[in-house]
Amino acid sequence: MRELIRERTLSAGARLPSSRALADDLGVSRRLVVDAYAQLLAEGYLTARPGAGTYVAASAGQARGRSAPPAAAPLQFDFFPGSPDLASFPRTLWMRALRDVLRSAAPSAFAYPDPRGALELRTALAAYLRRVRGVVVEPRSLIICAGATQGLALLGRALVRRGVEGIAVEDPGLPPHRAVLAYAGLQVRGAAVDEQGLEVSGIEQPVVLCTPAHQCPTGVVLSPTRRGELVQWARAGGLVIEDDYDAEFRYDRTPLAALQGLAPEHVVYLGTVSKTLAPGLRLGWLVLPGSLIEAVTEAKMLEDLGSSTLEQLVLARLLESAAYDRHLRRARRRNRDRRDALLAAVARELPEARVTGISAGLHALVRLPAPFDVGRLLASAARRSLAVYPLSLHMISPPAESDALVLGYANLSEPAIDEGIRRLAAVLAEL
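These numbers come from a predicted model, not from an experiment. (Residues numbered from 1 in each chain as written. Predicted model: local features only at pLDDT ≥ 70, side-chain atom pairs only at ≥ 80, totals over all residues. Heavy atoms only, no water.)

Caption draft 1: Representation of the pairing of strand E13 (residues 363-373) in the model. Sheet topology places strand E12 (residues 354-356) next to E13; three bridges connect them, and they run antiparallel. Directly across from arginine 354, in E13, lies its bridge partner arginine 367. The hairpin formed by E12 and E13 contains six residues between the paired strands, and glycine 357 there has a positive phi angle of roughly 95°. Note: E13 against strand E15 (residues 401-408), seven bridges, orientation antiparallel. Within E15, the residue paired with arginine 367 across the bridge is alanine 404. (Pairing = 2+ DSSP bridges. Helix = DSSP H or I, 4+ residues; strand = E, 2+ residues; numbered from the N terminus.)

This is the structure we're talking about:
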């Protein structure tokens, strides 16, 4: 036991079995175990809590054996662009819906799931997407998946099995999405983005992944002209994967309907609750053209036999009761206020910088007056317990210098946004 504690196999705070249980397990007398525990208590390896049991002491093994690497402390002001306000997850709504589901669910809800997803969620989600995003969808064309990441992985594998070799992605775009598609076996090629969104003329692959509602990370919206060009490109034989990124969070006007509604047999629609509820739920969906339903369903079945049913039934209950809509209205107000706080802080602390992109989403693009060395910026920011994200990190071939930052604001309070931007100004002044 000394060696287990020294090597940290038994970590500080670990509860030990009772002397009787350990004696039975080892086939020795209880007296022997009691004496061993007493010796380890005297040496400081263990601590006893009256009525609660025996535990590994908090200081045990610190000066002996191998030392564990210190855990990196989380940075206090993290402007990660992909996070919603995690503290505002609707726990009460979720618990109420979960209790309702557990009371009313049939025994079959606990069986192996339908790989396409629970019919209750696919039905409720189809109605919601038709109403809110103008998606052409029926429950049969929906596949529930573990977030957008798994959705792309399933699509990638299905496309490779059909003989597709390459895919175009927006550049700059989301690095994890590029990695997932490459891991599925696709050759990933960049397509440029400008102030009107994706440059359709630059697509050189038979499939393209894009974010028309709110381009990540530049924050522009795909212009009406480009939307028309992209639909025409798809109808001529291409396939569009529409990641409806941040579509629920437009603050200045009602967002345009999903591109999928214009060409449903040529567009795959990808959505998730990672930004509206929490990424830890791992709930997303694909709306598929008829030609892809069977292949993606097979990929999902072989991947994990289907997603967890209980969470799906809870989300279905929130959609059916309009609780999800009410939650989104509150989230929009909160995110808009935090975006306003970010703009005000940038104007005050970095008067030469410009915030670009539409009033939407969970992040903003801050253009700086001069380029900076990315490595030096990140190191200097970390010393001030600050995390910021250069635009160059979203590029396929990132340069050593960048003149823009992608700053998320939804998971920071307004005072934290003010202090974080003040520290950013100090970092830039130092550089």
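Caption draft 2: Inspection of the sheet that holds strand E6 (residues 187-194) at higher detail. Here eight strands make up an open sheet; going across it, the order is E4-E11-E10-E9-E8-E5-E6-E7 and the pairing mixed. The open sheet has two free edges, formed respectively by strand E4 (142-145) and strand E7 (197-198), since each of these has just one partner strand. Relative to strand E9 (residues 239-243), strand E8 (residues 207-210) is paired through four bridges, and the arrangement is parallel. Considered in E9, the bridge of leucine 209 is made with isoleucine 241. Contacting E4, strand E10 (267-272) and strand E11 (284-287), helix H5 (residues 119-133) runs over the sheet at an angle of about 110° to E4. (Contact = heavy atoms within 4.5 Å. Axes fitted to C-alpha atoms, helices over the stretch in contact; angles between N-to-C directions.)

Caption draft 3: Molecular detail of the packing of aromatic side chains. One pass over the structure, following the stated rule, counts three aromatic pairs. Each ring, one from phenylalanine 89 and one from tryptophan 94, has its centre 5.7 Å from the other, and the planes form 55°; the classification is tilted. Here phenylalanine 89 matches tryptophan 94 in class, with each residue buried. The interplanar angle of 80° and the centroid separation of 5.5 Å between the aromatic rings of tyrosine 128 and tyrosine 324 together place this pair among those described as edge-to-face. With a gap of 196 residues between them, tyrosine 128 in helix H5 and tyrosine 324 in helix H11 (residues 323-349) connect regions that are remote in the sequence. Owing to a relative accessible area of 6%, tyrosine 128 belongs among the buried residues under this scheme. When its relative accessible area of 3% is taken as the criterion, tyrosine 324 is described as buried. (Phe/Tyr/Trp six-rings, centres within 6.5 Å; stacked < 30°, edge-to-face > 60°. Buried < 20%, exposed > 50% of the residue type's maximum accessible area, 1.4 Å probe, protein only.)

Caption draft 4: Local environment of the environment of phenylalanine 110. Note on placement: phenylalanine 110 falls in the loop between helix H4 (91-104) and H5. Separated by 13 residues in sequence, phenylalanine 110 and threonine 123 have C-alpha atoms that sit 19 Å apart. What phenylalanine 110 contacts, discounting residues up to four positions off in sequence, is Leu102 and Leu310.

Caption draft 5: Structural detail: the pairing of strand E1 (residues 46-49). As paired elements, E1 and strand E2 (residues 53-56) share four bridges and run antiparallel to each other. Pairing of leucine 46 across the sheet is with valine 56, part of E2. Between E1 and E2, which pair antiparallel and follow one another directly, the connecting turn spans three residues, one of which, glycine 51, has a positive phi of 80°.

Caption draft 6: Representation of the packing of H4 against helix H10 (residues 309-320). Here H4 crosses H10 at 115°, and the two axes come no closer than 9 Å. The orientation of H4 relative to H10 falls into the category roughly perpendicular. Between H4 and H10 lies a crossing of right-handed hand. Residue-level contacts link Leu93, Trp94, Ala97, Leu98, Asp100, Val101, Leu102 and Ser104 of H4 to Leu310, Glu311, Leu313, Val314, Leu315, Arg317 and Leu318 of H10. Split by residue class, the contact of H4 with H10 holds eleven nonpolar, one polar and three charged. (Parallel < 35°, antiparallel > 145°, perpendicular 65-115°, else oblique. Left-handed = near helix turned anticlockwise from the far one by under 90°. Nonpolar A, V, L, I, M, F, W, Y, C, P; charged D, E, K, R; others polar.)

Caption draft 7: How the structure looks around the pattern of salt bridges. All told, the structure shown has 22 salt bridges when counted by the stated rule. As a salt-bridge pair, arginine 334 and aspartate 85 come within 3.2 Å of each other at their nearest N and O atoms. One end of the pair, arginine 334, is in helix H11; the other, aspartate 85, is in the loop between strand E3 (77-78) and H4, with 249 residues separating them in the sequence. Residue arginine 334 is classed as partly exposed on the basis of its relative accessible area, which comes to 21%. Of the charged contacts in the structure, one is a salt bridge between arginine 348 and glutamate 349, with a shortest N-O distance of 3.6 Å. (Salt bridge = Lys/Arg side-chain N within 4 Å of Asp/Glu carboxyl O.)

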